[in-house]
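Breakdown of the fold
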Amino acid sequence: MPSLKLIRRVAVALAALLVVVIGIVAVLAVTWVRRPFPVTDGEVQVPGLSGKVTVVRGDHGIPQIYADSSEDLFKAEGFVHAQDRFFEMDLRRHITAGRLAELVGEGGVETDRVIRTLGWRRTAEAELPTLKPETRRYLQAYADGVNAYIHQAGSPSKMSLEYVVLGQKVPDYRVEDWTPADSLAWLKAMAWDLRGDYSAELMRARLASSMPMSQIDELWPPYQYGTNKPILSAQDWSPGTAAPSTSSAGSAVPTVGARAGTVPTTARATSRTTSATTRAGATPAGSQLPGPGDKQVQQAYAAVSRALAAVPQTLGRGDGIGSNSWVVSGSRTTTGKPLLANDPHLGVSVPGIWYQVGLHCRSVGPSCPFDVAGYSFSGLPGVVIGHNQSIAWGFTNLGPDVSDFFLEQVKGRTYLRDGKQVPLTMRTETIKVGGGGEQTITVRSTVHGPILSDAIKGVDQAGDSPPVNGRRSPGAYEVALDWTGLQVGQTADAIFGLNTAQDFQQFRAAAKEFAVPAQNLVYADTKGNIGYQAPGAIPVRSRYMDAAPGYWIRPGWVSSWDWKGWVPFDEMPWTYNPSEGYIVTANQAVTASGTPFLTTEWDYGYRAQRIRDLLAKDDKVSPADMARIQMDTRNQFAPTLVKALLDIDLGHDDFTKQAQDLLRGWNFTQPADDSDSAAAAAYYNAVWAKLLDLTFNDELPRDLRADGGDQWMAAVSSLLSQKGTSAWWDDKRTAGITEGKSEILRRALVEARLDLTRQLGKNPSDWKWGRLHQLTLRHQVLGGDDVPGIVRSIFNLSPKEMPGGSAIVDANGWNAACTTSQAPDGCFKNGAYDVDWAPSMRMVVDLSDLDRSRWVNQTGNSGHAWNDHYDDQTDAWVKGELFDWPFTRKAVDAAGGDTLTLVPAPSSN
């Protein structure tokens, strides 16, 4: 038996060896981590440049690029995007092309099946030759810049640390050259995530088999135009007004409207509460669908939901996801010129969605017209949101109804169309799987679009011949999707048009090309004008839509139900220098008018009205005021619910009364950690989650549970105001008991008190909203719960305590369904109140002096883990702080930073 001395000697030797091994691994790890970091000073050769390009990166690594030609400018943008974010770009193009499995292995196959079926990449390729010649040149120059980086880097491990990790699973992965179609395909992903959200349409249809329409209608009460005002008031918008002619600078005369008089009256909006009974109206013969309770129709609806869920998040999805943007005229600002604020609410991730950049022609003129800075998407040339030397613009999602599902009667290789069987369009797609293997799918399409039943197992269950008008179909039912994003459009032209527009007319001309995703565009210029434009490809539907609300799948076999074209751009709402002096867009209704028809599914306007109220408080608004408004945490719905909660008599339950008392005198704000307000906010949101569960989730499928967004606030507000008893107030999980409103409210108070006692402690005054409501910025591929912890720790950021919440101006959204015992898929394992969408960036543009504009990003400009700029803006973003945004060359040089010179590579001839 070895002696104790020998054991100690061996142990010391092993320990020493272990230290050496750890040291070697650490050195290698540092090498792997730092290897892809970009060169940011000195000189780098880039093939194809016509002259020198200067790239100045300030304190946060934000490049300001200076060139003598447009092509050199975008070639340099492609190069620096790739330097900082190439893996993100490569991931995006694999997703949008339906080639994710090549990058991540078998786990990407289901996603690829859906994307290939939708055909995003095919649409992008068809779109390219339809763009303006200069747009195609810019896209090609950008691709050349990306490829210069790819060829210089050589191997994937030199491009990003992610490739080192994924290489353990897909060792033979090779990076392909970038193409213009790769950039255009990303626009399709943007359009998909920001499309009019039709999850509500599917939800209505799926619930129709289990409850009466009158109960379903209570989940979507009518929009309250009198309480939460639309974007354009009646006095500042009216159909029939022509577009403005060139006006004098800073004209105070309001010009408003949209020549909507020629829009077909059949394109009017349907009410949110349209009943299924209207489906029996005058419709074409043979066009009626099976009843919503038909089992096989319900299978179709559920299968469609599964297909949609298979598409990965690119920008972000979910109830309440939207944006804030507003612009204030100089007559109402302390600067005497307009101020413009924007903070798009999108999914959260690291790196963040946006990349900050400045693009400057050294001599601005017709051959090189760019002098612009703002937020770009890596993989796409130009600036998406920002300002140039004359104008500024911001986006919020318009959210129009731009998609419809069609049931198709399929027989063999044909489908029924106006009484005749016509051929399906068919193509074969091969999905390659990284690490080995491939799968082949057949994609079938009708005149309405791709058949989703080929994409996800189970969709074709809708094809088992359900009855139509009491008769069995001779073939099978399939489900096709008609969506504007699959139409060839010129959105890429619009981006460059916005970048170079110098006045409102040029701004509108650019907006006319912005087909998808349709956005609310706000405008301001240095001459003192403000404006708004709603662009987008908006379908005009058949005259039978009132007889079958938009949330029912349409009969594809009768052409009368097809789309009838597009709402003309000149008939879309707009305004110029409105009399009110400001324009607020936060995804609320655009106008109270139903012409032209845009959607019935507006955000209910809690955020928008709060912004309006804050702007109306002061005669003059300062840039600092604009930034403070962005961080406002008042819950506009809370006064309604708190009043009802304080009316509940808890009897001798002093334990729950302790918590209930937090709500007395609460100012309805939701700070992360601010004494009494933070404690009240924690309890309020816990009660809100319990109330939703007790009221709705007992009757909703797991994947449709109440998430707590604006729709649910409007629904509960309506239920609380009703004199009668709604069926929703009965918890079906308590057999033999009918609770009623008061009992449900009491149980929510009691159960929330117990939950927070377990989570935060017995003393309510110690509770803080931020301890519950946290944000962990996760890597899109390597940050999930299924990834080993050591890998997650490299790419993810540490949790941050967050203020705000859903339907609040500081919109750090969370999913109340994740607090339930049977949470839906997609919830994080730890953190029921975790933030899953948030302001992706913030900016305040000062049109009196563009160099005094301010901005901040959610993470940082770099996509490289452990780089100084990976998360160097996150703490400021959490606190609501903004950074200086130098624009002029003088201001950029004064700010200092690294300077990289890109020079033409010697000719190989």
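Refer to the structure presented above.
First, a word on scope: everything that follows refers to the structure included in this document. (Residues numbered from 1 in each chain as written. Predicted model: local features only at pLDDT ≥ 70, side-chain atom pairs only at ≥ 80, totals over all residues. Heavy atoms only, no water.)

1. Description of the overall build of the protein
- Scanning the protein for helices and strands turns up 24 helices and 32 strands.
- In the protein, which comprises 909 residues, the proportion classed as buried is 62%.
- Restricting the contact set of the protein to residue pairs at least 6 apart, pairs at least 24 apart contribute 74%.
- Element-wise, carbon and sulfur atoms account for 51% of the exposed surface of the protein, whose accessible area totals about 33400 Å². (Helix = DSSP H or I, 4+ residues; strand = E, 2+ residues; numbered from the N terminus. Buried < 20%, exposed > 50% of the residue type's maximum accessible area, 1.4 Å probe, protein only. Contact = heavy atoms within 4.5 Å. Areas by Shrake-Rupley, 256 points an atom, 1.4 Å probe, with all protein chains shown as cover.)

2. Overview of unusual backbone geometry
- Along the chain, Val 516 connects to Pro 517 via a cis peptide bond; the corresponding omega equals -5°.
- As for its placement among the helices and strands, Pro 517 is situated in the loop between helix H13 (504-511) and strand E20 (519-525).
- Residue Pro 596 is bonded to the preceding Thr 595 through a cis peptide linkage, with omega at -5°.
- The residue Pro 596 is located in the loop between strand E24 (582-585) and helix H14 (606-617) in this model.
- The residue Asp 418 is not glycine, and still its phi comes out positive at about 50°.
- With a relative accessible area of 43%, Asp 418 lands in the partly exposed category.
- Located in the positive-phi region is Phe 668, a residue other than glycine, with phi close to 70°.
- Note that Phe 668 resides in the loop between helix H17 (654-660) and helix H18 (675-697).
- Note on Phe 668: relative accessible area 16%, which makes it buried.

3. Some words on the packing of aromatic side chains
- A full pass over the atoms with the stated rule returns 36 aromatic pairs.
- The interplanar angle of 40° and the centroid separation of 6.0 Å between the aromatic rings of Tyr 683 and Trp 767 together place this pair among those described as tilted. Note that Tyr 683 is positioned in helix H18 and Trp 767 in the loop between helix H20 (741-760) and helix H21 (769-772), a separation of 84 residues in sequence. Residues Tyr 683 and Trp 767 agree in their burial class; the two are buried.
- Centroid distance Trp 855 to Trp 885: 4.1 Å. Interplanar angle 0°. Geometry classified as stacked. Of this pair, Trp 855 sits in strand E30 (residues 854-857) while Trp 885 sits in the loop between strand E31 (883-884) and helix H24 (889-895), and the two are 30 residues apart along the sequence.
- Taking the relative accessible area as the measure of exposure, Trp 855 reaches 2% and is therefore buried.
- An aromatic cluster is built from Trp 186, Trp 354, Tyr 375, Phe 377, Trp 855 and Trp 885, whose rings are joined through pairwise contacts.
- A cation over an aromatic ring shows up here: Arg 508 above the ring of Trp 574, its NZ or CZ 4.9 Å from the ring centre. (Phe/Tyr/Trp six-rings, centres within 6.5 Å; stacked < 30°, edge-to-face > 60°. Lys NZ or Arg CZ within 6 Å of the ring centre and 35° of its normal.)

4. Focus on the sheet that holds strand E16 (residues 449-450)
- Ordered in space as E14-E15-E16, the three strands form an open sheet in which the pairing is antiparallel. Looking at which strands have only one partner, the edges of the open sheet turn out to be strand E14 (425-432) and E16.
- Pairing of E14 with strand E15 (residues 438-446) involves eight bridges; the strand directions are antiparallel. Residue pairing across strands places Arg 427 opposite Val 443, the latter belonging to E15.
- Its contacts with the sheet put helix H4 (residues 109-118) on E14, E15 and E16, and the angle it makes with E14 is roughly 150°. (Pairing = 2+ DSSP bridges. Axes fitted to C-alpha atoms, helices over the stretch in contact; angles between N-to-C directions.)

5. Description of the environment of Val 53
- With respect to the helices and strands, the residue Val 53 is situated in strand E2 (residues 53-57).
- Residues Val 53 and Ala 67 lie 14 residues apart in sequence; the distance between their C-alpha atoms is 4.9 Å.
- Not counting residues up to four positions away in its chain, the partners in contact with Val 53 are Ile 65, Tyr 66, Ala 67, Asp 72, Ala 76, Arg 362, Leu 900, Thr 901 and Leu 902.

6. So, the packing of helix H2 (residues 70-96) against helix H8 (residues 180-193)
- The geometry of H2 relative to H8 is characterised by a closest axis approach of 9 Å and an angle of 70° between their N-to-C directions. Overall, the two elements H2 and H8 adopt an arrangement that is roughly perpendicular. Between H2 and H8, the contacting residues are Arg 92, Arg 93 and Thr 96 on the first element and Asp 182, Ala 185, Trp 186 and Ala 189 on the second.
- Looking at the contact of H2 with H8 residue by residue, the classes come out as three nonpolar, one polar and three charged. (Parallel < 35°, antiparallel > 145°, perpendicular 65-115°, else oblique. Nonpolar A, V, L, I, M, F, W, Y, C, P; charged D, E, K, R; others polar.)

7. Quick notes on H2
- A rise of 1.5 Å per residue sets the reference length of H2, with its 27 residues, at 39 Å; its end C-alpha atoms lie only 27 Å apart and thus fall more than 12% short of the reference.
- Helix geometry: H2 is bent most strongly at Arg 85, by close to 95°.
- By the criterion of burial, H2 is predominantly enclosed, with 26 of the 27 residues buried.
- Gly 98 lies just past H2 and shows a positive phi near 70°. (Expected span 1.5 Å × (residues − 1). Bend = angle between axes of the 7 residues up to and from the residue.)

8. Points about the pattern of salt bridges
- Taken as a whole and judged by the stated rule, the model has 42 salt bridges.
- A salt bridge links Arg 121 to Asp 182; the shortest N-O distance between them is 2.3 Å. Here the residue Arg 121 occupies a position in helix H5 (residues 120-127), and Asp 182 occupies one in helix H8, the gap between them amounting to 61 residues.
- The structure contains a network of salt bridges with shared partners spanning Asp 693, Asp 731, Arg 733, Glu 739, Arg 747 and Glu 751. (Salt bridge = Lys/Arg side-chain N within 4 Å of Asp/Glu carboxyl O.)

9. Side note on the state of the cysteines
- If you walk through the whole model with that rule in mind, you get two disulfides.
- The disulfide partner of Cys 361 is Cys 368, and the S-S distance across this bridge is 2.0 Å. Across the S-S bond linking Cys 361 and Cys 368, the dihedral sits near -80°, which makes this disulfide left-handed.
- There is a disulfide in this structure between Cys 818 and Cys 827, and the S-S distance comes to 2.0 Å. The chirality of the disulfide connecting Cys 818 with Cys 827 is left-handed, given an S-S dihedral of about -80°.
- Of note for the protein: the bonded cysteines, numbered N- to C-terminal, pair according to 1-2, 3-4. (Disulfide = S-S within 2.5 Å.)

10. Some points on the environment of Ser 233
- On the secondary structure map, Ser 233 appears in the loop between helix H10 (213-217) and strand E4 (255-256).
- Remark: the alpha-carbon pair of Ser 233 and Ile 583, spanning 350 residues in sequence, is separated by 9.9 Å.

11. Remarks on a negative patch on the surface
- Together, Asp 673, Asp 674, Asp 676 and Glu 801 make up a region of like negative charge exposed at the surface.
- Structurally, Asp 674 can be placed in the loop between H17 and H18. (Patch = residues over 30% accessible without salt bridge, like charges linked within 9 Å, V, L, I, M, F, W, Y side chains within 5 Å. Lys, Arg positive; Asp, Glu negative; His and termini not counted. Charge placed at Lys NZ, Arg CZ, Asp CG, Glu CD.)

12. Regarding the side chain of Asp 731
- Checked against the element boundaries, Asp 731 lands in the loop between helix H19 (710-721) and H20.
- Within polar-contact distance, the side chain of Asp 731 engages the side chain of Arg 733 at 3.0 Å.
- Every residue in contact with Asp 731, bar those within four places of it in the chain, is listed here: Leu 694, Asp 698, Ile 737, Glu 739, Ile 744 and Arg 747. (Polar contact = N/O pair within 3.5 Å; in protein donor to acceptor, adjacent residues only side chain to side chain.)

13. Things to note about the side chain of Asn 587
- Position of Asn 587 among the secondary structure elements: in the loop between E24 and H14.
- Side-chain polar atoms of Asn 587 contact the backbone oxygen of Asn 397, separated by 2.9 Å.
- Look past the residues within four positions of Asn 587 in its chain and what remains in contact with it is Gly 322, Ser 323, Thr 396, Asn 397, Trp 602, Asp 603 and Arg 607.

14. Section: H4
- With eight of its 10 residues buried, H4 lies for the most part within the structure.
- Taken residue by residue, H4 has Val 109, Thr 111, Asp 112, Val 114, Ile 115, Arg 116, Thr 117 and Leu 118 as its buried positions.
- Taken from the residues just after H4, Gly 119 is the one with a positive phi, measuring 75°.

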